[in-house]
Amino acid sequence: MVRTTLKQSYTDFNDLQIRIPKLLQKNGYKNVTEKNENVWKNGSVMTALKYIKIEYSENNTVQISGWVNVFCSEQDLTGALGIIYKQQVMKAIKEIQSIL
């Protein structure tokens with residue numbers, strides 16, 4: 001799996017449990033389980049599927065992973081193929097980072 005992953009510390013776990021889902025839903029993401037992973041998904045097969053995964057660690061660190069699925073191929077958020085979709089995922093990730 002090729003994904004862009006960022007780690008950042010947080011202070012209020014309960015607040016994030018409310019704010020992150022609201023932010024992602026506002027941006028059109030839906031919480032789904034795919035391939036045994038709980039992820040946030042946006043888009044369609046006709047365009048590109050955009051994914052964000054949020055994982056919390058015991059040491060008050062959150063790991064945010066983002067990727068797109070273009071032409072049935074999982075890709076990280078670098079490179080030119082699917083750049084518009086990759087930028088949309090990065091924008092959502094930066095919004096998440098701003099509330100941590």
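See the structure printed just above.
Undergrad: Would you mind going over the packing of helix H1 (residues 13–26) against helix H2 (residues 83–99) with me for this structure?
TA: Two packed helices can be described by the angle between their axes and the distance between those axes. Their axes nearest at 10 Å, the elements H1 and H2 cross at an angle of 155 degrees. Considering their axes alone, H1 and H2 lie roughly antiparallel with respect to each other. Considering the relative orientation of H1 and H2, their crossing is right-handed. Contact with H1, carried on its side by Leu 16, Arg 19, Ile 20, Leu 23, Leu 24 and Lys 26, involves Ala 92, Glu 95, Ile 96 and Ile 99 of H2 and no other residues of that element. Across the contact of H1 with H2, the residue classes break down as 7 nonpolar, no polar and 3 charged.

Undergrad: Could you clarify how one ought to interpret the pattern of salt bridges in this entry?
TA: Think of it this way: side chains of opposite charge can pair up when their charged atoms draw near. The tally for this structure, following the rule as stated, stands at 7 salt bridges. Note that Glu 74 and Arg 3 form a salt bridge whose closest N and O atoms lie 3.0 Å from each other. Placement of the pair is Glu 74 in strand E6 (residues 73–75) and Arg 3 in the segment before strand E1 (4–9), with a sequence separation of 71 residues. Owing to a relative accessible area of 25%, Glu 74 belongs among the partly exposed residues under this scheme. Residue Glu 34 pairs with Lys 41 through a salt bridge whose shortest N-O separation is 2.5 Å.

Undergrad: Explanation requested: the pairing of strand E4 (residues 49–56) in the structure shown.
TA: If a strand is regular, its side chains alternate between the two faces of the sheet. Judged by how many residues are buried, E4 sits mostly within the fold: 6 of 8 residues are covered. For strand E3 (residues 37–43) and E4, the ladder comprises 4 bridges, and the chain directions are antiparallel. Residue pairing across strands places Lys 41 opposite Tyr 51, the latter belonging to E4. Here E3 folds back onto E4, and the loop between the two strands holds 5 residues. Where E4 and strand E5 (residues 61–70) come together, 8 bridges link them in antiparallel fashion.

What counts, and where the lines are drawn
- Residues numbered from 1 in each chain as written.
- Predicted model: local features only at pLDDT ≥ 70, side-chain atom pairs only at ≥ 80, totals over all residues.
- Heavy atoms only, no water.
- Axes fitted to C-alpha atoms, helices over the stretch in contact; angles between N-to-C directions.
- Helix = DSSP H or I, 4+ residues; strand = E, 2+ residues; numbered from the N terminus.
- Parallel < 35°, antiparallel > 145°, perpendicular 65-115°, else oblique.
- Left-handed = near helix turned anticlockwise from the far one by under 90°.
- Contact = heavy atoms within 4.5 Å.
- Nonpolar A, V, L, I, M, F, W, Y, C, P; charged D, E, K, R; others polar.
- Salt bridge = Lys/Arg side-chain N within 4 Å of Asp/Glu carboxyl O.
- Buried < 20%, exposed > 50% of the residue type's maximum accessible area, 1.4 Å probe, protein only.
- Pairing = 2+ DSSP bridges.

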